[in-house]
Amino acid sequence: MRTIAIMNNKGGVGKTVTAINLADILTREHGKRVVLGDCDGQCNLTQFYVPDFDTSEDASLDTLMCGLASCYEEVLLPLTDKLSLIPASDGLYDVDISALDGKEDHTVDMRCLIDIRDNLIEDEAADFFILDCPPGFTASAVSALLAADEVVIPLTIDGFSFRGMAALLRQLASMRKSNWRLKRAAVLITQYRNADVVSQGEQLLRSNGKIDIYKQVIRRTDKVPESTIDGSPIWQYSPGSAAARDYRAWVRELLGEEAAHE
Ligand SMILES: Nc1ncnc2c1ncn2[C@@H]1O[C@H](COP(=O)(O)OP(=O)(O)OP(=O)(O)O)[C@@H](O)[C@H]1O
Ligand SMILES: [Mg+2]
């Protein structure tokens, strides 16, 4: 099983859209079994799949992180025969406060996503565990980065994103010391458009040499925000759109040899 954290401490760069479309293409085009984990108190991923999810009633990732559920099956929501979701609630913000206040009755299990990963492997329950991280180093984001074999860093090209990414790469370097499983952290350029500023930014990034960057970029198209309103992944909503074709090509790149042998 591959555990992939989708992380950038900058907001609005396409983390959740990437998680949705990666999961959709892996399950429907490549026949993989995917468990998605929503690690963000904004709950965008959860609301996308389960618009009426009741955070006051239903168990979610924060229930597990606070030790109030004993196993992942208690919170797992099956969405299709190949896709399941560990939902989030805004209780993840309380988890952050508990992690900070250090009181003994407020313990937060930072190994939570490591344990879920190991249980999924033991149960042979999934081929991919994909973690949609929030914009920032919250308790759940750190837990996701500790559990990940790979980190995908969606990035839109502008000066602010470059600076945010430098901070993220520093954090990842220190995480590598506690997560020996972390094999690859690579940038996925999102919301790409034909403009000098974007192509120059891309060239600058690719010539840097220190950052691993996927060859495939994801183009910007209005079909993507439309698809999130419709509640459908882009390949279902608009199969011929630039972003649908780009996400499918990127997933083949991510699968590498595995896709070649299908
Ligand atoms: N390829 C694209 N083309 C056009 N719009 C896009 C594309 N990818 C993402 N968007 C839009 O950008 C916005 C942010 O996307 P998304 O919510 O996935 O980012 P995020 O990094 O998860 O944000 P946050 O940090 O708040 O969790 C959304 O409105 C989404 O529809
Ligand atoms: Mg998001």
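Notes on the structure in this doc start here. Residue positions within a chain follow its written sequence, with the count starting from 1. All chains are assigned letters beginning with A, and all ligands numbers beginning with 1, in the order in which they are written. In keeping with the predicted nature of the model, local features appear solely for residues at pLDDT of at least 70, side-chain atom pairs appear and are counted solely at 80 or more, and the whole-chain, interface and lining totals rest on all residues.

Details of the overall build of the protein chain
- Secondary structure counts use DSSP, requiring at least four H or I residues in a row for a helix and at least two E residues in a row for a strand, with both numbered from the N terminus. Scanning the protein chain for helices and strands turns up 12 helices and eight strands.
- Our radius of gyration looks at C-alpha atoms and nothing else; its globule reference is 2.2 Å times the residue count to the power 0.38. Scaling as 2.2 N^0.38, a compact globule of 262 residues should have a C-alpha radius of gyration of about 18 Å, and the protein chain matches this with 18 Å.
- Exposure is read from a count of other C-beta atoms within 10 Å of each residue's own; the residue is exposed at 12 or fewer, buried at 20 or more and partly exposed in between. C-beta atoms are placed from the backbone. In the protein chain, which comprises 262 residues, the proportion classed as buried is 42%.

Re the site of ligand 1
- To decide nearness, the C-beta atom of each residue is placed from the backbone, and the residue is near a molecule or strand if that atom lies within 6 Å of it. Among the 21 residues in the neighbourhood of ligand 1, the closest are listed as G11, K15, T16, V17 and P135.
- Contributions of two or more residues to the shell around ligand 1 are made by α1 (15–28) and α9 (223–230).
- All amino acids are sorted into three groups, where Ala, Val, Leu, Ile, Met, Phe, Trp, Tyr, Cys and Pro are nonpolar, Asp, Glu, Lys and Arg are charged, and the leftover types, Gly among them, are polar. Grouping the constituent residues of the shell around ligand 1 by class yields eight nonpolar, 10 polar and three charged.

Observations regarding unusual backbone geometry
- Residue E124 is not a glycine yet carries a positive backbone phi of 50 degrees.
- Under the C-beta neighbour-count criterion, E124 is labelled exposed, with 9 such atoms within 10 Å.
- With a phi angle near 50 degrees, Q191 is a residue other than glycine that sits in the positive phi range.
- Relative to the helices and strands, Q191 is located in the loop between β7 (184–189) and α8 (196–207).

Observations regarding the nonpolar core
- Think of a nonpolar core as buried Ala, Val, Leu, Ile, Met, Phe, Trp, Tyr and Cys residues, each tied to the set through C-beta atoms within 7 Å. Counting 71 residues, the largest nonpolar core has A5, I130, L131, A144 and I153 as the members making the most contacts within it.
- Per element, the largest residue contribution to this core is seven residues, and it comes from α1.
- Contacts here follow a simple rule: the backbone-placed C-beta atoms of the two residues must lie within 7 Å. Leave out the neighbours within four places in its chain, and I153 touches M7, N8, M165, L168, A185, A186, V187 and L188.

Comments concerning the packing of helix α5 (residues 112–122) against helix α6 (residues 139–147)
- The convention used is that axes are lines fitted to C-alpha atoms, helices contributing only their stretch in contact, and that angles between N-to-C directions extend from 0 to 180 degrees. For the pair α5 and α6, interaxial distance at closest approach is 7 Å and the crossing angle is 40 degrees. Between α5 and α6, the angle falls in the class oblique. Along this stretch, α5 crosses α6, giving a crossing that reads as right-handed. Within the contact between the two elements, α5 uses C112, L113, I114 and R117 and α6 uses S143, A144, L146 and A147.
- In terms of residue class, the contact of α5 with α6 is made up of six nonpolar, one polar and one charged. Convention used here: angles under 35 degrees read as roughly parallel, angles over 145 as roughly antiparallel, angles from 65 to 115 as roughly perpendicular, and any remaining angle as oblique. By the definition used in this description, the sense in which the near helix is turned from the far one sets the handedness, with an anticlockwise turn below a right angle giving left-handed and a clockwise turn giving right-handed.

Looking at the environment of T156
- With respect to the helices, strands and loops of the structure, T156 is situated in the loop between β6 (150–155) and α7 (159–178).
- For T156, a count of 20 C-beta atoms within 10 Å corresponds to the buried category.
- Linking T156 and A249, residues 93 residues apart in sequence, is a C-alpha distance of 18 Å.
- Other than its neighbours up to four places away in sequence, T156 contacts V13, G14, S161, T190 and Q191.

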